[in-house]
Amino acid sequence: MAAWNTRYIPHQRGRVAVVTGANSGLGLVTATELARHGAKVVLAVRDTAAGGRAREGIRAAVTGADLEVRELDLASLASVQAFAKELTAEHPAIDLLINNAGVLHLGPARTTADGFELHMGTNLLGHFALTGLLLDSLGRTDAARVINISSMTHKNVHLEVDDLMSHHAYQANHAYNRSKLATTAFGLELDRRLRDTGSPILSVLAHPGMSRSNLNPRALQDRGRFERLMAKAILRALQAPSEQGALPQLYAATAPDVCGGQFFGPSGFKELRGRGVKAVHPGAEAAHPETGHRLWTEAEQLTGVTYL
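Residues numbered from 1 in each chain as written. Predicted model: local features only at pLDDT ≥ 70, side-chain atom pairs only at ≥ 80, totals over all residues. Heavy atoms only, no water.

Some points on the overall build of the protein chain
Next, step 1: Scanning the protein chain from terminus to terminus reveals 11 helices and 8 strands.
Next, step 2: Radius of gyration (C-alpha) of the protein chain: 18 Å, near the 19 Å computed for a compact globule of 308 residues.
Next, step 3: Overall, the protein chain is about 50 × 45 × 35 Å in size when its C-alpha atoms are taken along their principal axes.
Next, step 4: In the protein chain, of all internal contacts separated by at least 6 residues, the share reaching a separation of at least 24 is 76%.
Next, step 5: Only carbon and sulfur atoms are counted for the fraction: they give 51% of the accessible area of the protein chain, which is about 13200 Å².
Next, step 6: Counting 32 positive and 29 negative side-chain charges, the protein chain places the averaged centre of each group 10 Å from the other. (Helix = DSSP H or I, 4+ residues; strand = E, 2+ residues; numbered from the N terminus. Rg over C-alpha atoms; globule rule 2.2 N^0.38 Å. Contact = heavy atoms within 4.5 Å. Areas by Shrake-Rupley, 256 points an atom, 1.4 Å probe, with all protein chains shown as cover. Lys, Arg positive; Asp, Glu negative; His and termini not counted. Charge placed at Lys NZ, Arg CZ, Asp CG, Glu CD.)

Looking at the packing of helix α3 (residues 77-90) against helix α4 (residues 118-138)
Next, step 1: Between α3 and α4, whose axes approach to 10 Å, the crossing angle comes to 20°. Accordingly, the angle class assigned to the pair α3 and α4 is roughly parallel. Crossing of α3 against α4: the hand is right-handed. Contacts from Leu77, Val80, Gln81, Phe83, Ala84, Leu87 and Thr88 of α3 reach α4 at Gly126, Ala129, Leu130, Leu133, Leu134 and Ser137.
Next, step 2: Its residues placed into classes, the contact of α3 with α4 shows 9 nonpolar, 4 polar and no charged. (Axes fitted to C-alpha atoms, helices over the stretch in contact; angles between N-to-C directions. Parallel < 35°, antiparallel > 145°, perpendicular 65-115°, else oblique. Left-handed = near helix turned anticlockwise from the far one by under 90°. Nonpolar A, V, L, I, M, F, W, Y, C, P; charged D, E, K, R; others polar.)

Details of the pairing of strand β5 (residues 145-149)
Next, step 1: Burial of β5 is extensive: 5 of the 5 residues sit out of reach of the surface.
Next, step 2: In this sheet, β5 lies alongside strand β4 (residues 96-99) in parallel orientation, the contact comprising 4 bridges. Considered in β5, the bridge of Leu96 is made with Arg145.
Next, step 3: When β5 meets strand β6 (residues 202-206), the two strands line up parallel, connected through 5 bridges. Of the residues in β6, the one forming a bridge with Val146 is Ser203.
Next, step 4: In this fold, the crossover linking β5 to β6 by way of helix α5 (residues 172-196) has right-handed handedness. (Buried < 20%, exposed > 50% of the residue type's maximum accessible area, 1.4 Å probe, protein only. Pairing = 2+ DSSP bridges. Right-handed = clockwise from strand over helix to strand, strands pointing away.)

Section: the packing of aromatic side chains
Next, step 1: Using the criterion set out here, one finds 7 aromatic pairs in the structure.
Next, step 2: Aromatic side chains Phe128 and Trp296 sit 5.0 Å apart centroid to centroid with 80° between the ring planes, which places their arrangement in the edge-to-face category. Separated by 168 residues along the polypeptide, Phe128 in helix α4 and Trp296 in helix α11 (residues 289-303) bring together distant segments of the chain. This pair shows no difference in class: Phe128 is buried, exactly as Trp296 is.
Next, step 3: Each member of the aromatic cluster is reached from another via a ring pair, and the members are Phe128, Phe186, Trp296 and Tyr307. (Phe/Tyr/Trp six-rings, centres within 6.5 Å; stacked < 30°, edge-to-face > 60°.)

Digging into the confidence of the model for the protein chain
Next, step 1: Per-chain confidence: the protein chain averages 92 in pLDDT, with 90% of residues scoring 70 or above.
Next, step 2: Low pLDDT, under 50, characterises residues 226-231; the stretch is placed with 4 contacts to residues that sit more than four places away or in other chains. (pLDDT = per-residue confidence, 0-100.)

Okay, structure coming up:
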């Protein structure tokens, strides 16, 4: 597994894969490789113009790539509902849901269209609702998987389930980290609930380590020009290319030996980066069933989407 790369991806012909945030970074690499191996890939993106450019880029790299661009704004539950309704009408069976999209904003607190704190509303609640709305379609295939993308930073914070919106003491980086802790707990709780119902759907987690993406440049948009340039230079020196960062989620989505509840990251030192993939461990808080249960209950109440 440590030396695993995209050459080992089995054929995906006949499979329908939905990749959120597929127009850039890790999502673009993931969508490209799934298309290269024969999957029909739905690029679920907030900006359909950017999605269209990504589609043309993939087609230039992959002859015969089967792609769709569909609008999805995870910061709006109305958009999530509309996306799921239109998608399932045309694709009643879905094989892969890769909850890749995310937001990192290191400026003042912002909220989603529904009034949720931006990180938690987008990174967790949008994907929680989307997964529930697509679950019936995922259940119509033999080997469906839901992949949630975590971060190493989920181990650095505590999740206040009673204050998911960070009303008491907002710090942007902590809000992002808490959203990734919540995402990790969600993926593990989803696995427990799928197992309890005997569902064949697998819930799997992955994280990219220190990898280039479109998150960090956007995170600094409220900072000064000099600070943005310095941060960009430092990150470029430290971060692995997106092609490496996407390997754990591609492994989670396609490797034949994957089991529900597993978590994958880069194979290198301290999971920071690597040319391969290895199984890793979630933080203790994310893995605790009580965390998952309380978070699930709260997410159902906030989104109005109930399942399992």
